[in-house]
Amino acid sequence: MDEGKVGLSSRRFMMGDIACVEGAIAAGCRFFAGYPITPATEIAEGMARRLPQVGGVYIQMEDEIGSMAAIIGASYAGVKSMTATSGPGFSLMMENIGLAVMTETPCVVVNVMRGGPSTGQPTMPGQQDVMQARWGSHGDYEIIALAPSSVQEMFDLTVEAFNLSETYRVPVMVLADEIVGHMWERVKIPPTQSIEVVNRKKPTASTKDYAPFKPDDDLVPPMGFFGEGYNFHATGLTHDERGHPQTESAEAQQKLVQRLCDKIRKNSDKILRVEKTTLEDAEVAVVAYGIVARASLSAVVKARAAGIKAGLLRLVTLWPFPDKEVAKVARKVKAVVVPEMNCGQIVREVERAAKETSVFFLSKLGEEPHKPSEILEAIRRTQK
Amino acid sequence: MPVRTWRKPLDAEKIKVPKGEVHIIKNRCKGCGFCIEFCPKEVLEESEELNERGVHPPKVKDESRCALCSFCTAVCPDFAIFTVEKNCEGGC
Amino acid sequence: MEELEHPYEKFLRRGRIPHIWCEGCGNGIILSCFAQALNDLNMDLDKVVVVSGIGCIGRVSGYTNTDSYHTTHGRPIAFATGVKLANPELKVVVISGDGDLFAIGGNHFIHAARRNMDLQVICANNFVYGMTGGQHGPTTPLDAWTTTTPYGNIEHTFNLVHLAAACGAVYVARWTALHVRRLTESIKKALQKEGFSFIEVVSPCPELFGRYNRMETGIKMMQWFKEVSEVRHFSDPAKAEITPQKIVVGEFVDIEKPSYSRLLKEMAEKAKTQEQ
């Protein structure tokens, strides 16, 4: 299973959660710490089965707080690590996500979103955590978040999540939802050697001179790990380039926090991905992500068949938010429709980027995402 | 208090109680007094001088009593005092 | 005289001493005993990782000349678990405080002990939350005055060695900061032992707990330790109380039990040969 071969045998029929497991392993993940939670439990179970087979380690921690702490530890010991959870666990992980950001730890956090808030509807899909992924921890920072829309993307975007986390030394979230996590589709798994895997930059400084938080020109510091003789210190306190606490210096705070934000913001062009369908001459654009983008695509196709010049902008990267792409589309169309399975989250970002163009929000909560007919109806309404 | 023994140990000429030299890194001292208080041989006392922190570091009262137990080295929280074995070739 | 370097200088991070701890604080003694243990065992410092949580003792990881990490409050044991499992060659030591390990971090402690994770945990028990000014915590004695128990503490206290033993730790000891020799020996023993070791160090916080409870100086607190400590090796940890009149110290548990890492290794070999 791990060695995908070219040809039929590399096509598998699997569940989204399991495709995520295979994607992680293909990307080099060899440590998973997690806690069972619907609908991400299958990721933990898959990892428990597969990691020992590939020489990795699975541990079920006592809670999600411990899980997040453990994956930071494993990453600092040089092993690519991941955890998977849903809303309630995501909330618990927030403090340590902040720790991962502050200590620039590459790691992947999968949130298979469900109905919230609180315990909510564990077996129903939702898109209610997308703002939390960006703002959930205290303090000012930036992370990267990807939104898979298919089982194939559960594989592909998990690989990409690892690559991005290693490149930018930042936790990367995979914001799936219960449907994408639990549905079964065909997945093409490329041969392992053809999958592009990125590893963290290694320090070029000698062990004595190594400063763990001294950035290169791309604002990302090379990362040494424990046991290699660097004997460095890392802390969640504001720190200098050597990692030593700097709790009194305004200059240290300014420099560090600004760089943590700039690291993502200034590199956003290299990070962002969107998918455009029939937008060149569109008069109304649908902006969607996750499972809702599937229904949106169907609605856009139906709209075109009915003579409406509709197009779809599918957000693959949710954070950093593709401001420029959305603004570009909004300038050309007369209206934007944003269907989401929440009470209005990404739509706020779209409104901000779309400026004067009208944005129509279509909310749906519960077990089903929007039907294509519902989105088509919304598209029709914009024509009036 | 010297240990009272019934007789002189047979290897008393060979095995000698070691002699220690006390080194004090004065500016590290925070004046907790543990070394002075807990030295079993009462080698140390508080000095009159003030260090950079404004406290009185210890000073050696009678180094001849030091038996290199190194308790001061172990109990100092600030790495401000340590003992080194004295070279007693020419007698101490 | 002053040109000679302190014998433990190589264990300390250059330029970071003097540390931030108050005069008479036991944290420096714990660091000193730890340094001596590493010295006596001739440990490869490149393979030692010190993990600490939040608190005064939490700053210790910034002073050791090893790979080290200062986590969020209560999480050093969970972080250390990740480090150890990712690279079993590393010697991972958690040094943290009573509140960090047993209040907010209590859950991680009991499970790591239960799993017999290959970790050495040293707890600086000073009976209060020192860094934030002396609030009460899970080990504050009954009736003690702290800033959040201004009428006297009405909470019963944890018996940490009893807790550790009950959770399955393979080595459990308690010493006070005055018992420097025995503490160092215990640390050495723990560092060489497979599985989860726990050492409680009853440590003076003269500035806060001491001042609030009529022991204003380090010397007064250490004198209290001297007067009331009783060494009771392998006595029942459940009865190893800490009261104003008695502090029971000693080694309480020293058993052999397969560690998590050992069982993990066996399981991994089995998994490789099995069909998925």
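Residues numbered from 1 in each chain as written. Chains lettered and ligands numbered in written order. Predicted model: local features only at pLDDT ≥ 70, side-chain atom pairs only at ≥ 80, totals over all residues.

1. Comments concerning the overall build of chain C
Reasoning step 1: When helices and strands are counted, chain C shows nine helices and eleven strands.
Reasoning step 2: Its C-alpha atoms give chain C a radius of gyration of 19 Å, near enough to 19 Å, the size a compact globule of 276 residues would have.
Reasoning step 3: For chain C, the C-alpha atoms occupy an extent of roughly 65 × 50 × 35 Å along the three principal directions.
Reasoning step 4: Classification of the 276 residues of chain C by burial places 58% in the buried group. (Helix = DSSP H or I, 4+ residues; strand = E, 2+ residues; numbered from the N terminus. Rg over C-alpha atoms; globule rule 2.2 N^0.38 Å. Buried ≥ 20, exposed ≤ 12 C-beta atoms within 10 Å, placed from the backbone.)

2. Some points on the overall build of chain B
Reasoning step 1: Along chain B, the regular secondary structure elements total two helices and four strands.
Reasoning step 2: Starting at the N terminus and walking to the C terminus, you meet the elements of chain B as β-α-β-β-α-β.
Reasoning step 3: Counting only C-alpha atoms, chain B reaches 50 × 25 × 20 Å along its principal axes.
Reasoning step 4: For chain B, with 92 residues in total, the buried portion stands at 36%.
Reasoning step 5: Looking at chain B alone, contacts between residues at least 24 apart form 59% of all its contacts between residues at least 6 apart. (Contact = placed C-beta atoms within 7 Å.)

3. Considering the nonpolar core
Reasoning step 1: If you look at the biggest cluster of nonpolar residues, it comprises 236 residues, and the most contacted ones within it are V110(A), L175(A), V286(A), L318(A), V336(A) and V83(C).
Reasoning step 2: Residue-level mapping places this core at the junction of two domains, with at least three residues from each of domain 1 (8–194) and domain 2 (275–383) of chain A.
Reasoning step 3: Contacts of V110(A), omitting those with residues within four sequence positions, involve C20(A), A40(A), I43(A), M82(A), A84(A), V174(A) and A176(A). (Core = buried A, V, L, I, M, F, W, Y, C linked by C-beta atoms within 7 Å. Domains from an automatic or database assignment.)

4. Comments concerning helix α8 (residues 250–265) of chain A
Reasoning step 1: End to end, α8(A) covers 22 Å across 16 residues, agreeing with the expected 22 Å (1.5 Å per residue, within 8%).
Reasoning step 2: Here α8(A) has its buried residues at L260(A), K263(A) and I264(A). (Expected span 1.5 Å × (residues − 1).)

5. Some points on the pairing of strand β13 (residues 310–315) of chain A
All names here are of chain A.
Reasoning step 1: Extensive coverage of β13 is indicated by the burial of six of its six residues.
Reasoning step 2: Residue alternation in β13 divides its side chains into two sets, A310, L312 and R314 and G311, L313 and L315, and both sets are buried.
Reasoning step 3: Direction of pairing for strand β11 (residues 274–277) relative to β13: antiparallel, over a ladder of four bridges. Following the sheet pairing, E275 is matched in β13 by R314.
Reasoning step 4: The sheet contact formed by strand β12 (residues 284–288) and β13 spans five bridges and is parallel. Residue V284 lies in a different strand from β13, and its bridge partner there is A310.
Reasoning step 5: Assessed by its sense of winding, the connection that carries the chain from β12 through helix α10 (residues 291–305) to β13 is right-handed. (Pairing = 2+ DSSP bridges. Right-handed = clockwise from strand over helix to strand, strands pointing away.)

6. As for the packing of helix α2 (residues 76–86) of chain C against helix α4 (residues 106–115) of chain C
Residue and element names in this part refer to chain C.
Reasoning step 1: Viewed as axis vectors pointing N to C, α2 and α4 meet at an angle of 40°, and their least axial separation amounts to 8 Å. The angle between the axes of α2 and α4 places the two elements in the oblique class. Residues I77, A78 and T81 of α2 form the contact with α4, whose own contacting residues are H108, F109 and A112. (Axes fitted to C-alpha atoms, helices over the stretch in contact; angles between N-to-C directions. Parallel < 35°, antiparallel > 145°, perpendicular 65-115°, else oblique.)

7. What to know about the interface of chain A and chain C
It is common to give the size of an interface as the accessible area lost on bringing the parts into contact.
Reasoning step 1: The interface is formed by 40 residues belonging to chain A together with 37 residues belonging to chain C.
Reasoning step 2: Elements supplying a minimum of two residues to the side of chain A that touches chain C: β2 (31–34), β3 (57–60), α3 (64–76), α4 (87–102) and β10 (233–235) of chain A.
Reasoning step 3: A total of nine residues in the side of chain A that touches chain C trace back to one element, the largest contributor, which is α3(A).
Reasoning step 4: In the side of chain A that touches chain C, the residues fall into 23 nonpolar, 13 polar and four charged.
Reasoning step 5: With three bridges joining them, β10(A) and strand β2 (residues 67–70) of chain C adopt parallel strand pairing. Across the sheet, the residue bridging to T235(A) is H70(C), located in β2(C). (Nonpolar A, V, L, I, M, F, W, Y, C, P; charged D, E, K, R; others polar.)

8. Side note on the arrangement of the chains
Reasoning step 1: Of all two pairs of chains sharing an interface, the pair with the highest contact count is chains A and C.
Reasoning step 2: Regarding chain A and chain B, which are not in contact, the minimum distance between any of their C-alpha atoms is 19 Å.

9. Comments concerning α3(A)
All names here are of chain A.
Reasoning step 1: Taking 1.5 Å of rise per residue, the 13 residues of α3 would be expected to cover 18 Å, and the 18 Å separating its terminal C-alpha atoms lies within 8% of that figure.
Reasoning step 2: Burial within α3 is extensive, with 13 of its 13 residues counted as buried.
Reasoning step 3: Positive backbone phi, approximately 100°, marks G78, located one or two places after α3.

10. Observations concerning the sheet that holds strand β15 (residues 335–340) of chain A
Adjacent strands of a sheet pair through backbone hydrogen bonds, lying either parallel or antiparallel.
All names here are of chain A.
Reasoning step 1: If you walk across this open sheet you meet the five strands as β11-β13-β12-β15-β16, and the pairing is mixed. Looking at the sheet topology across the chains shown, the edges are occupied by β11 and β16 (358–363). Adjacent strand axes in the sheet meet at a mean angle of 20° when their direction is disregarded.
Reasoning step 2: Lying over the sheet, helix α12 (residues 346–354) contacts β12, β15 and β16, oriented at roughly 165° with respect to β15.
Reasoning step 3: Here helix α13 (residues 372–383) sits on the sheet in contact with β12, β13, β15 and β16, set at roughly 155° to β15.

11. Focus: unusual backbone geometry
Residue and element names in this part refer to chain A.
Reasoning step 1: T38 connects to P39 through a cis peptide bond whose omega is -5°.
Reasoning step 2: Tracing the backbone shows P39 in the loop between β2 and α2 (41–50).
Reasoning step 3: Looking along the chain, the bond that leaves W319 and enters P320 is cis, with omega of -5°.
Reasoning step 4: Note that P320 resides in the loop between β14 (317–319) and α11 (323–332).
Reasoning step 5: A positive phi angle, near 75°, is found at L219, a position not held by glycine.
Reasoning step 6: Given 18 C-beta atoms within a 10 Å radius, L219 is considered partly exposed.
Reasoning step 7: Backbone geometry at K355 places phi at a positive 50°, although glycine is not the residue there.

12. What to know about the interface of chain C and chain B
Reasoning step 1: Across the contact, 25 residues belong to chain C and 18 residues belong to chain B.
Reasoning step 2: At the level of secondary structure, the elements contributing two or more residues to the side of chain C that touches chain B comprise α1 (27–41), α6 (180–191) and α8 (218–228) of chain C.
Reasoning step 3: If one sorts the elements of the side of chain C that touches chain B by residue count, α1(C) sits on top with six residues.
Reasoning step 4: Considered class by class, the residues forming the side of chain C that touches chain B number 14 nonpolar, eight polar and three charged.

13. Topic: the packing of helix α1 (residues 16–26) of chain A against helix α6 (residues 151–168) of chain A
Residues and elements named next belong to chain A.
Reasoning step 1: At their nearest, the axes of α1 and α6 sit 7 Å apart, and the two run at 30° to each other. By crossing handedness, the relation of α1 to α6 is classed as right-handed. For the pair α1 and α6, the contacting residues are G16, A19, C20, E22, G23, A24 and A26 in the first and V151, M154, F155, D156, T158, V159 and F162 in the second.
Reasoning step 2: By residue class, the composition of the contact of α1 with α6 is nine nonpolar, three polar and two charged. (Left-handed = near helix turned anticlockwise from the far one by under 90°.)

Limitation: the analysis is restricted to geometry and does not speak to function.
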